[in-house]
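# Secondary and tertiary structure notes
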Amino acid sequence: MKRLNLILNGKGGVGKSFFAVNFVQFLKDRGIAHVAIDSDNENSTLKRFHPEAQFLDLDNRRHLDGIFESLEKANLVVMDCRAASTDLFIDYFAEIDLAPVLSALDAALTLVIPVNHESDSVDQVQRLADQFGKKCSYVVVRNAAHSDSFAMFESSEVRAQLKDELGGREIAMSRLQDWLVEALSGENLTITSATKHPAFSLLDRQRLQTWQRKLYTEIESVTDLLLPAK
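Note that the coordinates shown come from a computational prediction; the quantities given were computed from them, not determined experimentally.

What counts and what doesn't
- In every chain, residue numbers begin from 1 and rise along the written sequence.
- Reporting of local features is limited, given that this is a predicted model, to residues whose pLDDT is at least 70; pairs of side-chain atoms are given and counted only at 80 or more, and all residues count toward the totals for whole chains, interfaces and linings.
- The basis for every side-chain value is the complete set of heavy atoms in the structure, and neither hydrogens nor water enter the calculation.
- Segments assigned H or I by DSSP are reported as helices when at least four residues long, segments assigned E as strands when at least two residues long, and all are numbered from the N terminus.
- Computation of the radius of gyration draws on C-alpha atoms, with the globule rule given as 2.2 Å multiplied by the number of residues to the power 0.38.
- Buried means the residue's accessible area, taken with a 1.4 Å probe over protein chains only, is under 20% of the maximum for its type, while exposed means over 50%, and partly exposed covers the values in between.
- Using the Shrake-Rupley algorithm and a 1.4 Å probe, accessible areas are obtained, with residue cover drawn only from the displayed protein chains.
- Axis definition: a line fitted to C-alpha atoms, over the contacting stretch in the case of helices. Angles run 0 to 180 degrees between N-to-C directions.
- Angle categories: roughly parallel below 35 degrees, roughly antiparallel above 145, roughly perpendicular from 65 to 115, and oblique for all the rest.
- Between two residues, a contact is recorded if the distance between any of their heavy atoms is within 4.5 Å.
- Three classes are used: nonpolar for Ala, Val, Leu, Ile, Met, Phe, Trp, Tyr, Cys and Pro, charged for Asp, Glu, Lys and Arg, and polar for all others, with Gly counted as polar.
- Note on terminology: a nonpolar core comprises buried Ala, Val, Leu, Ile, Met, Phe, Trp, Tyr and Cys residues joined through side-chain atoms within 4.5 Å.
- For salt bridges, the criterion is a side-chain nitrogen of Lys or Arg within 4 Å of an Asp or Glu carboxyl oxygen.
- The criterion for an aromatic pair is that two Phe, Tyr or Trp rings (for Trp, the six-membered ring) have centres within 6.5 Å, with stacked assigned to planes under 30 degrees apart, edge-to-face to planes over 60 apart and tilted to the rest.
- Cysteine sulfur atoms are paired as a disulfide whenever they come within 2.5 Å of each other.
- Paired strands, as defined in this entry, are two strands with at least two bridges between them according to DSSP.

Our focus in this paragraph is the overall build of the protein. Regarding its fold elements, the protein presents 12 helices and 7 strands. In terms of overall dimensions, the protein is globule-like: its C-alpha atoms have a radius of gyration of 17 Å, near the 17 Å expected for 230 residues. Structurally, the protein occupies a C-alpha span of about 50 × 40 × 35 Å along its principal axes. With 230 residues in all, the protein has 52% of them scored as buried. Counting every atom, the protein has about 10700 Å² of accessible surface; 47% of that belongs to carbon and sulfur.

Structure, rendered in structure tokens:
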């Protein structure tokens, strides 16, 4: 079974692109064939770090068909969905009647939803769960970039709904030191490349490797929801 992963949360600044960049690097480091798609026409973060990624302009509704054109040719498609695109995807999937399209492609959809300490990010999870229900799988990424408190999410109804009714899973993305995030962006380097780059000191390369190893362990715990089924 093929897999379509949409990294989606209508709220900006929750770590969608940062997770996408590192998840695509995970796939590369593990030798897993995939197609990566960027849809942020302002920053294009995914394409900046992974130049081979395709770009789809969400302002052109017709371009969305490219998601499924890619899925026809590949077993795994990963898309970084720009902020404020939740309604667009809800409307588009209703227009094409998503379930039979996925069935025809022998594919499954997973919504990868980063959340942080803010209530708006949790509200977006609720919207997606209410809209899609059991039509897809869910992986919530607890992003500690700005705070390691997830009280809003932990006490939310949607967390219980995902866990008890929808088979949702959670993974953690720990905070990476600010100066390392800035250096990676300044050099346009993924962590894997940075660990071999002279611009980073021995200790900073060690910090990057440690952070990446933790994230990869988290990702590996939910690969049954993120990778094509064998």
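Past the structure itself, the notes keep going.
As a further point, take the packing of helix H4 (residues 86-96) against helix H6 (residues 119-132). Two elements in contact, H4 and H6, have axes separated by 11 Å at closest approach and are oriented at 5°. Taken as axis vectors, H4 and H6 run roughly parallel relative to one another. Across the interface between the two elements, Thr86, Asp87, Ile90 and Phe93 of H4 pack against Gln124, Arg127, Leu128, Gln131 and Phe132 of H6. Tallied by class, residues from the contact of H4 with H6 come to 4 nonpolar, 3 polar and 2 charged.

This part covers the nonpolar core. Of all hydrophobic cores here, the largest spans 40 residues; its most connected members are Phe68, Phe89 and Leu111. Sequence-distant contacts of Leu111, defined by excluding residues within four places in its chain, comprise Leu6, Leu8, Leu128, Phe132, Cys136, Ser137, Tyr138 and Val139.

Counted according to the given criterion, the structure contains 13 salt bridges. Taken together, the shared-partner salt bridges in this structure form one network comprising Arg142, Glu154, Arg159 and Glu170.

Moving on to the side chain of Asn5. With respect to the element layout, Asn5 can be found in strand S1 (residues 2-7). With relative accessibility at 0%, the residue Asn5 sits in the buried group. If near-sequence neighbours (up to four positions away) are discounted, Asn5 is found in contact with Phe23, Leu76, Val77, Val78, Met79, Thr110, Val112, Leu225 and Leu226.

Considering all chains together, one arrives at 9 aromatic pairs under this definition. Both rings, one in Phe68 and one in Phe93, keep their centres 6.4 Å apart while their planes meet at 75°; by these two values the pair is edge-to-face. Residue Phe68 is located in helix H3 (residues 65-73), and its partner Phe93 is located in helix H4; the two are separated by 25 residues in the primary sequence. By the burial criterion, Phe68 is buried, and Phe93 matches it. Where Tyr92 meets Phe93, the ring centres are 5.8 Å apart and the plane angle is 45°; that geometry is what we call tilted. Grouping aromatic residues by their ring pairs yields a cluster made of Phe68, Phe89, Tyr92, Phe93 and Phe132.

This part takes up the state of the cysteines. As enumerated under the stated definition, the model contains 0 disulfides in all. Just so you know, Cys81 is unpaired, no disulfide at all, and the nearest cysteine sulfur is the one on Cys136, 12 Å from it. On the accessibility criterion, Cys81 (0% relative accessible area) is buried. Take Cys136: its relative accessible area is 8%, and that puts it in the buried class.

By definition, the strands of a sheet pair up through backbone hydrogen bonds, in either a parallel or an antiparallel sense. Spatial strand order, S3-S2-S4-S1-S5-S6-S7: 7 strands in an open sheet with parallel pairing. Each edge of the sheet is formed by a strand with only one pairing partner; in this case those strands are strand S3 (54-55) and strand S7 (169-173). Of the strand pairs in this sheet, strand S2 (residues 35-38) and strand S4 (residues 76-80) are connected by 4 bridges, and their pairing is parallel. Directly across from Val35, in S4, lies its bridge partner Val77.

Further remarks concern unusual backbone geometry. Backbone geometry places Ala84, a non-glycine residue, at a positive phi of 60°. Checked against the element boundaries, Ala84 lands in the loop between S4 and H4. Taking the relative accessible area as the measure of exposure, Ala84 reaches 67% and is therefore exposed. One non-glycine residue, Asn188, lies in positive phi territory at about 55°. With respect to the helices, strands and loops of the structure, Asn188 is situated in the loop between helix H9 (178-187) and helix H10 (191-194).

Looking now at the pairing of S4. On any regular strand, side chains alternate: one points to one face of the sheet, the next to the other face. Summarising burial for S4: 5 of the 5 residues are buried, a large majority. Bridge count for S1 against S4 is 5 bridges, and the pairing is parallel. By the bridge assignment for S4, Ile7 is matched with Asp80.

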